[in-house]
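# Overview (structure and organization)
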Amino acid sequence: MPALVLPTLTQAEVESHNSEKSCYVSIGTNVYDVTDFLESHPGGPDLILPYAGKDVAEILKDEDSHRHSDSAYEMLDELHVGFIVNEKLAPNGDVQKKVSDSQINDEVTPAVHPRTGMSCEEDLSKETDYDTDYKRHKFLDLNKPLLLQVWFGGFSKEFYLDQVHRPRHCKGGFSAPLFGNFLEPLSLTPWWLIPLIWLPCITYGTVLASEGFESKLSMAPWWLFGVLIWTLVEYVLHRCLFHLDYYLPDNRVGITMHFLLHGIHHYLPMDKYRLVMPPTLFLVLATPFYKLAHAIFYWNWHMGTAVYCGGIFGYVCYDLTHYFLHHQNLPLWYKDLKKYHLAHHFLDYELGFGVTSRFWDQVFGTELQTSVKKTN
C-alpha cells in the first residue's frame, strides 16, 4: 500500500474549488479533485458542478438522483487529493488531535497528522507509488535523480517545506538516486563506516591530548566535558541549522542546500544509507568546531584537543543512535527514545530535536508529546 502523504485542507479551502477549472468534492474528511472527470461523467458536468466544494456523501447514496456502482467509488480513490481538518494545527498546539470521520461506507479515516500526512510510525515504511505520488503532488519523481529536480523545480519555499516533510519510502528499501552520476556513492553511507573512520581518529587525538596532562585521569573530565558539549551542539544544529526551514531564502539555492543538508532525510527517513552523515559532509561541519575549541582553550592546545575529541566521540554515538532508532530493535529505554524520534518524523517536525536524549528539548521547551492524556 502506498505511503499516506496527502495534504490537509480546511473546509474553506475545499469550498474555494468550486468551478470547472478546479472542482473538489468531499466525502466525510476525504477530498477528491474531480476536475478532469467533469466531462467524462455520464451525466455531464452539470450534475457535478452544483456540488463543487461540497460534501457529496448523501447525493451519492440517493438512487433517485443517480445510481452509483462500486466502480465509481473505486475511481474516486484515484482522485483522492487530501483530507479535511477543522483547523491548521500549530506546532505547539494540539498536535495529537485525531482527524477522523465516518465515511460513506461507515468506515473511519485513519488519524492523519496534518503537517506530515501520516498517522503512525509504521507509515514511514510504507512503500510509495512513485508514479501516483508524482502525478498527485508534482514534487519529486523518485525514479529520477533528486538533486537536479530540486534545483530546476521552481518550487516556492512554502510548497517545498510542505512536501519535503511528508515522508516517502522507496520500494524494496532501496535508495532513491540523488546525483545520478559518479558522485552518487558520496551520498550513501553505511552505518558501520562511521566508527570505522572516526574512532581511530578520536583515539589518536586523545593520545596526543593526554601528553599535555599529568595523567590520563586528569584529562578525563575535559574529554567528558566535550561529550556533554556535543549533546548541546547536537540539539542546536538540529533545531537551528537542519530545521532552519522558515528562515530559508525563498530561492533554489537555499532550498537545494536545505535538501542536501537535512531535507532529504525527512523526505526519505527510512533510507538506511542516508541516516548517518557522509564523512565528506562531516569534515566540512567539524572543521570550524576544531578551530573554535582551540580558540576557546587558546592557553592549552592539549585541553582543547581533549574537549574536541570528546565531542567527536559524542557525535559518533549520536550517528549510531540515529541509525539504530530507525532500523533496529532496541532495549526498553531505547524503545521509548525510538518512539520519540520517529514521532519527530511522522507527527511534528518542529518539535523533538533531541536524538540521543530529550534533555535539551525539556530545557528549551521543544519536547514532543507522543501520547495524549485522556480527560473525562
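Everything numeric here is computed off the predicted structure, so don't read it as measured data. (Residues numbered from 1 in each chain as written. Predicted model: local features only at pLDDT ≥ 70, side-chain atom pairs only at ≥ 80, totals over all residues. Heavy atoms only, no water.)

## A short note on the sheet that holds strand β3 (residues 30–33)
If you walk across this open sheet you meet the four strands as β1-β4-β3-β2, and the pairing is mixed. With one partner strand each, in any of the chains shown, β1 (8–9) and β2 (24–27) form the two edges of the open sheet. (Pairing = 2+ DSSP bridges. Helix = DSSP H or I, 4+ residues; strand = E, 2+ residues; numbered from the N terminus.)

## Some thoughts on the side chain of Asn30
Within the secondary structure layout, Asn30 lies in strand β3. Here Asn30 falls in the buried class, since its relative accessible area comes to 11%. At 3.4 Å, the side chain of Asn30 forms a polar contact with the side chain of Tyr32. (Buried < 20%, exposed > 50% of the residue type's maximum accessible area, 1.4 Å probe, protein only. Polar contact = N/O pair within 3.5 Å; in protein donor to acceptor, adjacent residues only side chain to side chain.)

## Notes on the pattern of salt bridges
Going through the model one piece at a time under the given rule, you end up with seven salt bridges. Residue Asp123 is joined to Lys126 by a salt bridge in which the shortest nitrogen-to-oxygen separation is 3.0 Å. We classify Lys126 as partly exposed; its relative accessible area is 28%. A salt bridge links Arg274 to Glu184, with the nearest nitrogen and oxygen atoms 2.9 Å apart. Here the residue Arg274 occupies a position in the loop between α9 (252–267) and α10 (279–296), and Glu184 occupies one in the loop between α6 (157–164) and α7 (193–210), the gap between them amounting to 90 residues. Since its relative accessible area comes to 9%, Arg274 is described here as buried. For Glu184, a relative accessible area of 14% corresponds to the buried category. One continuous salt-bridge network, built from bridges that share partners, spans Glu184, Asp271 and Arg274. (Salt bridge = Lys/Arg side-chain N within 4 Å of Asp/Glu carboxyl O.)

## Thoughts on the pairing of β2
Burial along β2 is two-sided: Tyr24 and Ser26 and Val25 and Ile27, pointing in opposite directions, are all buried. The sheet contact formed by β2 and β3 spans four bridges and is antiparallel. Bridged to Ile27 within β3 is Asn30. Counting the residues between successive antiparallel strands, the hairpin from β2 to β3 contains two residues, one of them, Gly28, with a positive phi of roughly 65 degrees.

## Some thoughts on the confidence of the model for the protein
In this model, the protein carries a mean pLDDT of 85, and residues with pLDDT of at least 70 account for 86%. Taken element by element, the protein is modelled with least confidence in helix α3 (residues 70–78), mean pLDDT 70, and with most confidence in helix α5 (residues 146–152), mean pLDDT 97. (pLDDT = per-residue confidence, 0-100.)

## Quick word on the packing of aromatic side chains
According to the stated counting rule, one finds 24 aromatic pairs in the structure shown. Through a chain of ring-to-ring contacts, the aromatic side chains of Phe139, Phe155, Phe159, Tyr160, Phe259 and Tyr267 assemble into a single cluster. The ring centre of Tyr130 lies 4.8 Å from the NZ or CZ of Lys171, which sits over that ring. (Phe/Tyr/Trp six-rings, centres within 6.5 Å; stacked < 30°, edge-to-face > 60°. Lys NZ or Arg CZ within 6 Å of the ring centre and 35° of its normal.)

## Looking at the environment of Met118
With respect to the element layout, Met118 can be found in the loop between β4 (80–84) and α4 (130–137). Relative accessible area serves as the criterion here: at 1%, Met118 is assigned to the buried category. Residues Met118 and Leu347 lie 229 residues apart in sequence; the distance between their C-alpha atoms is 7.2 Å.

## Comments concerning the packing of helix α11 (residues 301–327) against helix α12 (residues 332–346)
At a closest axis distance of 9 Å, the pairing of α11 and α12 adopts a crossing angle of 85 degrees. In this view, α11 runs roughly perpendicular relative to α12, as classed from their interaxial angle. Along the contact surface, α11 presents Thr321, His322, Phe324, Leu325, His326 and His327, while α12 presents Tyr334, Leu337, Lys338, His341, Leu342 and His345. By residue class, the composition of the contact of α11 with α12 is five nonpolar, six polar and one charged. (Axes fitted to C-alpha atoms, helices over the stretch in contact; angles between N-to-C directions. Parallel < 35°, antiparallel > 145°, perpendicular 65-115°, else oblique. Contact = heavy atoms within 4.5 Å. Nonpolar A, V, L, I, M, F, W, Y, C, P; charged D, E, K, R; others polar.)

## A look at the nonpolar core
Counting 27 residues, the largest nonpolar core has Phe282, Tyr315 and Val316 as the members making the most contacts within it. Every element with two or more residues in this core is listed here: α7, α8 (216–242), α10 and α11. Of all the elements, α11 adds the most residues to this core, at nine residues. Apart from the residues lying within four places of it in its own chain, the contact partners of Phe282 are Trp198, Met277, Ile312 and Tyr315. (Core = buried A, V, L, I, M, F, W, Y, C linked by side-chain atoms within 4.5 Å.)

## Looking at the environment of His344
Within the fold, His344 resides in helix α12. For His344, a relative accessible area of 0% gives the class buried. Setting aside chain neighbours within four positions, we find His344 in contact with His238, His243, His266, Tyr349, Leu351, Gly352, Phe353 and Leu368.

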